[in-house]
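# Close look at the chain arrangement
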Amino acid sequence: MAHSGNIRAVSTDLEDLFAFLRFPSISTDSRHAGDVKACATWLLEKLDAMGLRTELHETPKHPLVIARNTHVAGRRTLLIYGHYDVQPVDPLELWTSDPFQPEIRDGLIWARGATDNKGQMLAHVLGVEKLLRENNELPLNLIFLFEGEEEIGSPNLAPFLQENCDALRCDVIAISDTGMVAPGIPTFGYGLRGIACCEVTLRGPKGDLHSGLFGGAVANPAAAIARLVASLHHADGRVAINGFYDQVRPLETWEREMWSRIPGAGDADFLKVTGSPTLFGEPGYSSAERTWARPTAEVNGIGGGYQGEGSKTVLPAEAFVKLSLRLVPDQCPEMIMQQVEAHLRQHCPPGVEIEIDNGHYGAPYITDPNSKYGLAAQAALRAAFDAQPVLIREGGSIPIVQTFRDILGADTLLLGLALPDAQIHAPNENFPVENFEAGIRLNQKLLEELAR
Ligand code: BES
Ligand code: ZN
């Protein structure tokens, strides 16, 4: 890792964020369970010091952190959700600086979790801290709900919501864990894609074989997985799974019209941000439409056989692929998974055995951007950024959002601060200092607007 000069945090807000970012709270890696816990404890102490009533709830994996002000009957209740866990950092050698030693370079904070979600999450906390400092109280009833398992599909949050739904009753939910179309353009999200994940393993011979001695006499699992994966799409990019598009809600004309005018979300912008040679996807849709409102099937990883330097004439005993399907209203994750499984079994080439392990599920989400609370959120965004917000749906997933609606009966306002090139889940994740500061202002405004 090449280190450039480490510019130190320059405000107490940034010092807080740097302290928060130094915990390697990687939820998927059990070797980091202690770090996840330490991060939760730091957060709890921060919220405590702000004068909120805090609770740490252990779960079978990572703890939940909850904090409340003193609730007053008759006032509106806002629940703010965020996650303090982060994704793994590998490949580590591609980071310019240590992912858990935050640095500011070129106005950006570089660290794992800087955008997803610690920077955005702490902006919620510090916005509230400012309001409390100024007024000694908040204009509404507030519940902070922070979890350490979002990046592994929130396995313990839904059961917790079920058991504590009375204590968590609220009028509306706010989350800053989504995107912003371009710097300086406030972005209000009114939809999220859902997700369904699975891992497929194809098994052939009982062990790896010499490809000269046995190749041609038995099926090759690596070749078979390639054919199986190829069967998932038509050549033009449409998903070839039977029934896959049956429940898809068509895009509204006003959405297509509105999205076509959003700066930073044109096809040319997608080409630039991705660095791909060309764009490719379902015919008849723009990149924004393809990612925000159309379902997809993606290969997240594929393997089998020799991966080292040079060649090795082996016929691998098995091969695997990790798949994720992104879903849109009104697709149902369980039903889609059944269709996927039927497709995989039907298209599995001869000579291998197939095993399908289902991973996490999350339902898609959509709400009315111009509801009473939606308009309040837009007003807060306008005030914090001094610009007119744009309205988008999100390509990513936060599965708990639809679960919030199902269990708590409340809708979620998505106040994204993540820029397209924030490198979330990848090396060199970053978050502009400017967005962190705007996020703090945004939360002050949001509470005021929602209290009206
Ligand atoms: N914050 C992201 C989701 C996100 C990012 C939504 C940017 C919209 C814009 C979240 O932490 C995430 O990564 N979610 C996962 C889903 C989860 C089940 C692993 C995802 O979308 O892959
Ligand atoms: Zn994430």
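Okay, so let's go over this structure. For clarity, every value in this text was computed on a predicted model and none was experimentally measured.

Surrounding ligand 1, one finds 15 residues, the nearest of these being Glu150, Asp177, Arg326, Ser397 and His425. In this structure, Glu150 approaches ligand 1 through a side-chain N or O atom, which is 2.7 Å from an oxygen atom. Take His425: an N or O atom from its side chain is 2.8 Å from an oxygen atom of ligand 1. Burial of ligand 1 by the protein amounts to 89% of the accessible area it has alone, namely 510 Å².

Before going further, it helps to spend a moment on the coordination of the zinc ion (ligand 2). Ligation of the zinc ion (ligand 2) by protein atoms is provided by Asp116 (OD), Glu151 (OE), Glu151 (OE) and His425 (NE2), these donors lying 2.0 to 2.6 Å from the ion. Classification of the site at the zinc ion (ligand 2) rests on its 6 donor atoms, whose angles at the metal span 54 to 154 degrees, yielding the label irregular. All donors to the zinc ion (ligand 2) come from one chain, and their sequence spacing reads D-x34-E-x273-H. With Glu151 in the loop between strand 6 (141-147) and helix 4 (157-163) and His425 in the loop between strand 17 (411-416) and strand 18 (430-432), the pair connects residues that are 274 residues apart, well separated along the chain. Under the relative-accessibility criterion, Glu151 is labelled buried at 14%. By relative accessible area, which is 41% here, His425 ends up partly exposed.

Turning our attention to the sheet that holds strand 11 (residues 296-303). Spatially, 11-13-9-14 is the arrangement adopted by the 4 strands of the open sheet, whose pairing is antiparallel. In this open sheet, the two edge strands, each paired with only one partner strand, are strand 11 and strand 14 (353-362). The average undirected angle you get between the axes of adjacent strands in this sheet is 20 degrees. Note: strand 11 against strand 13 (residues 318-327), 7 bridges, orientation antiparallel. In the strand pairing of strand 13, Gly301 is matched with Lys322. Across the sheet, helix 10 (residues 333-347) is in contact with strand 9 (194-203), strand 13 and strand 14; its angle to strand 14 comes to roughly 165 degrees.

Cut-off values and rules
- Residues numbered from 1 in each chain as written.
- Chains lettered and ligands numbered in written order.
- Predicted model: local features only at pLDDT ≥ 70, side-chain atom pairs only at ≥ 80, totals over all residues.
- Heavy atoms only, no water.
- Near = heavy atom within 4 Å.
- Polar contact = N/O pair within 3.5 Å; in protein donor to acceptor, adjacent residues only side chain to side chain.
- Areas by Shrake-Rupley, 256 points an atom, 1.4 Å probe, with all protein chains shown as cover.
- Donors = N, O, S within 2.8 Å, 3.2 Å for Na, K, Ca; no water.
- Tetrahedral: all angles 85-135°; square planar, octahedral: opposite > 155°, others 65-115°.
- Helix = DSSP H or I, 4+ residues; strand = E, 2+ residues; numbered from the N terminus.
- Buried < 20%, exposed > 50% of the residue type's maximum accessible area, 1.4 Å probe, protein only.
- Pairing = 2+ DSSP bridges.
- Axes fitted to C-alpha atoms, helices over the stretch in contact; angles between N-to-C directions.
- Contact = heavy atoms within 4.5 Å.

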